[in-house]
Every structure is written in C-alpha cells, then in structure tokens.
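Examining the three-dimensional arrangement
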Amino acid sequence: MRLTRLFLITLLLFVTFLFGKTITVGTSADFPPFEYIENGQFVGFDMDLMREIAKLAGFELKFVDMSFDSLIPALRAGQVDVVAAAMTITDERKQVVDFSTPYWTADQSIIVKADSDLTITVLHQKGRIGVQTGTTGDLWCTDNLVGKGLLLEKNLKRYDTFVLALSDLLNGNIDAIVLDSPVANRFAAIKPVKVVGIIVTGEQYGIAVKKGNKELLDKINSAIKVLNETGKMAELIDKYF
Ligand code: GLN
C-alpha cells in the first residue's frame, strides 16, 4: 500500500517535471504594444514578458483573451492563473488580487482624430469621451470629470475593447479617448489619431495572481528580478518601444 502510494507520488512528480505545469494567462489583446494579436498569435511586451517568466519558472503557458473588466473576475474564479494586461496596480484592485513587483510606469493620454482641431479642453466642454470599461482611464474620467460635474455621465462612453472605441472615434461618434500613454502613442503612430494631452498619473503595471497565491507570485517576482538583472527586460523594451 505504502509502496504503491510512493510509486504514484513519484510518477506524478515525474510527469509534472516532464510536462511542466500549464499556467493560464488572461489578457485583453487590444492594447499594443503590450498585448495584441498578429497572425493569430498573442504578441506584445506583456506576452513576451510572460514567456520569459515561464522559461525561468519552468511552466507552460496558455493565453486567453477577454474584455479588460472580465480579467479580475476570471482570476478570482480560478478560470485564469495570471493576468498580464498592462494592469495598473491600484488600491482597490489590491484588495481582491495580488500584484507582482511593478514592471512599467505610465500616464493617461487624450487622443482625438488626426485632423481634428480639438485640444485637451475637449474634456471640459461638451465632448463625448470614450474609455475602456473598468480601466484607470474610465476611473479617472468618472472621478475627475463626471464626479466633478465637468462631463455629463451620458457623454462618457464605455467600451469593451479599444477596437470599438477607436472605430467610434474615427466615425465621429465620440470626440476623444482617454487611455494609457504608451498605447496612445502607439495608436498615434499606426492610426489616424493624435495625442492632444497627458494626464500625469504615474501609474504602475503589475502582473496579477489570485489573492494568496504566494507560490506563483514568488516565482513571477524572482523571474522579473532575473530579467532585470540579465538585461533581458531591457531587450524586450527595445523590441517593443
Ligand atoms: N492600465 C490600465 C488599467 O489597468 C489599462 C489597461 C488595459 O486597458 N489593458 O486600467
């Protein structure tokens, strides 16, 4: 009996060693250069960062795409093990999930159509502003514009994805989008849009795990440390920025 059990445990360890553990990574792949889909593949800084972490920590990865505001619920429900989605570490989120050490710092930017005369004052006029639901851009506009009576609630349009927000901006259905500065800069380089203002938030991105999953978080943090020390992180930054 004892021997059989020992044999089974050894076999299990061997199989785990042989095939590695598969970690499911939730992302919202509409956010270049952090996460997007190219030729059917998940690409971007966060995706490569996860691949490097997985190599060091010895696990396999499976990526799952969903709307940004579904990521934390999916993590809490155990449908994904990790969220890698340029997710800002906020106090509210820290109450429900755990974050890795920060790996990026960003601000919010305001983008309008490239041929538009609108300026940053679009936020304080009768502008129709687009945000992605549940993002820090959404929270900033909700608190600082709608909350202070500077923007009518009905003029703040929330979208599941930036693909939808951008098409509404280009069709003239909204006047501006508020989103993370590195992504605004990337959109300005690849789409007919331009940045007309920056809201300095100094927010930091972290990789999220289920609250209390210390084992996985420790592995991620040790890997991030190694990537910083070996220059691999700098290489990834060079690749995408
Ligand atoms: N950094 C922002 C946030 O955490 C936006 C992230 C995103 O849209 N992927 O809310």
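Along each chain, residue indices are assigned from 1 in the same order as the chain's sequence is written. Residues qualify for local features only when their pLDDT is at least 70, as the model is predicted, and side-chain atom pairs are given and counted only at 80 or more; totals for whole chains, interfaces and linings, by contrast, use all residues. Only heavy atoms go into the side-chain values, all of them from the structure, while hydrogens and water stay out.

As summarised here, the arrangement of the five strands in space is E10-E9-E11-E8-E12, forming an open sheet in which the pairing is mixed. Two strands close off the open sheet at either side, each with one partner strand: strand E10 (156-159) and strand E12 (193-205). Going across the sheet, the axis of each strand differs from the next one's by a mean of 25°, ignoring polarity. Looking at chain direction, strand E9 (residues 129-132) and strand E11 (residues 176-180) are connected through two bridges and run parallel. Looking across to E11, one finds that Ile 129 is bridged to Ala 176. Here, a strand pair is defined by DSSP locating no fewer than two bridges between the strands. Helix and strand definitions follow DSSP, with helices as H or I runs of at least four residues and strands as E runs of at least two, each counted in order from the N terminus. Axis geometry follows a simple rule: fit a line to the C-alpha atoms, using only the stretch in contact for helices, then measure angles between N-to-C directions, giving values from 0 to 180 degrees.

Moving on, we get to the site of the ligand. Nearness is defined per residue: one heavy atom within 4 Å of the molecule or strand is enough. Surrounding the ligand, one finds 14 residues, the nearest of these being Ala 86, Arg 93, Gln 132, Thr 136 and Asp 180. One of the backbone N or O atoms of Thr 88 is found 2.8 Å from an oxygen atom in the ligand. Throughout this description, a polar contact denotes any pair of N or O atoms lying within 3.5 Å of each other; where both atoms belong to protein, one of them has to be capable of donating a hydrogen while the other can accept it, and for residues adjacent in sequence the pair is counted only when both atoms sit in side chains. At 2.5 Å, a side-chain N or O of Asp 180 approaches a nitrogen atom of the ligand. The protein chains shown are the only cover counted for residues, whose accessible areas, like all others here, come from Shrake-Rupley with a 1.4 Å probe. Surface burial for the ligand is 100%, taken as the share of its 290 Å² of free accessible area covered by protein chains.

Before going further, it helps to examine the pairing of strand E8 (residues 104-113). Counting buried positions along E8 yields seven of ten residues, so the element is predominantly enclosed. Bridge count for E8 against E12 is nine bridges, and the pairing is antiparallel. For Ile 111, the partnering residue across the bridge sits in E12 and is Val 195. Relative to E11, E8 runs antiparallel, the two sharing four bridges. Note that in E11 the partner of Ile 110 across the bridge is Val 178. Type-normalised accessible area, obtained with a 1.4 Å probe on protein chains alone, sets the label of each residue: buried when under 20%, exposed when over 50%, and partly exposed for intermediate values.

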